Amino acid sequence: MKTPPTAKELRNFGLSLGVVCLIWAGVLTWRGHPEPVKWLLGAAPVLATLGLAWPAALGPLHRVWMPVAHGIAQALTWVLLAVVFYVVFTPYGLISRALGKDPLDRKIDRNRPSYWIRREDGPFDPERLKRQY
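Residues numbered from 1 in each chain as written. Predicted model: local features only at pLDDT ≥ 70, side-chain atom pairs only at ≥ 80, totals over all residues. Heavy atoms only, no water.

1. A few points about the packing of helix α1 (residues 7-30) against helix α3 (residues 59-99)
Put simply, the rule is: To get an axis, a line is fitted to the C-alpha atoms, and for a helix only the part in contact is used. The angle between two axes follows their N-to-C directions and goes from 0 to 180 degrees. Numbering goes from the N terminus for both helices and strands, where a helix is a DSSP run of H or I of at least four residues and a strand is a run of E of at least two. Should an angle lie under 35 degrees it is considered roughly parallel, over 145 roughly antiparallel, and from 65 to 115 roughly perpendicular; all remaining angles are considered oblique. Contact between two residues is taken to exist if any of their heavy atoms lie within 4.5 Å; hydrogens are not considered. Residue type decides the class: Asp, Glu, Lys and Arg count as charged, Ala, Val, Leu, Ile, Met, Phe, Trp, Tyr, Cys and Pro as nonpolar, and the leftover types, Gly among them, as polar.
Here α1 crosses α3 at 75°, and the two axes come no closer than 10 Å. Considering the angle they form, α1 stands roughly perpendicular to α3. Contacts from Leu10, Phe13 and Leu17 in α1 reach Gly59, Leu61, His62, Trp65 and Met66 in α3. Considered class by class, the residues forming the contact of α1 with α3 number six nonpolar, two polar and no charged.

Written as structure tokens, this is what we have:
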């Protein structure tokens, strides 16, 4: 069972929601939709004040909102990863394959005596293993 949110978490939640309401009101005003702005401008100070003065009052809203926010974050993560994969990595891979590039040197060459790549950084120093980065 999850632990209930602390007063600090609820305070941050209330202040964050207040700021989000203000930003959302600004965006709606900028886009020419002034109707819901008065509700958002009314909710912003109420949420921020509750967060500062009585954080426990935001507990029920926090319990409802956080699972929704986690679900949205999970979905957006998958969507973002899919977009990056298909928009960035897939075209790069297709172009590299079409140009015959093999950055991992995976092609088998039967005439090579060994696939070992000799390092040219001098003699081996075991102390270097303690400082890997």
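2. What about helix α2 (residues 37-53)?
Here is the rule: By this rule the span expected of a helix is its residue count minus one, scaled by 1.5 Å. Working definition: with a 1.4 Å probe on protein chains only, accessible area under 20% of the residue-type maximum means buried, over 50% means exposed, and in between means partly exposed. Directions pointing from the helix axis toward each C-beta atom define the arc.
For α2, which comprises 17 residues, the first-to-last C-alpha distance of 24 Å matches the rise-based estimate of 24 Å (1.5 Å per residue) to within 8%. Residues Val37, Leu40, Ala44, Leu47, Ala48 and Gly51 constitute the buried set of α2. Each buried residue of α2 lies within a common arc of 95° when the element is viewed along its axis, so the set occupies one face. Facing away from the buried side of α2 by more than 90 degrees, the exposed set consists of Lys38, Trp39 and Ala53. On its buried side, α2 packs onto α1 and α3.

3. Quick look at the pattern of salt bridges
Defined as follows: By salt bridge we mean one thing: a side-chain nitrogen of Lys or Arg within 4 Å of a carboxyl oxygen of Asp or Glu.
For the structure on display, the rule yields three salt bridges. Between Asp102 and Arg106 there is a salt bridge, and its shortest N-O distance comes to 3.3 Å. According to the relative accessible area criterion, Arg106 is exposed, its value standing at 60%. Across the pair Lys130 and Glu127 runs a salt bridge whose closest N-O atoms are separated by 3.4 Å. Judged by its relative accessible area of 66%, Lys130 is exposed.

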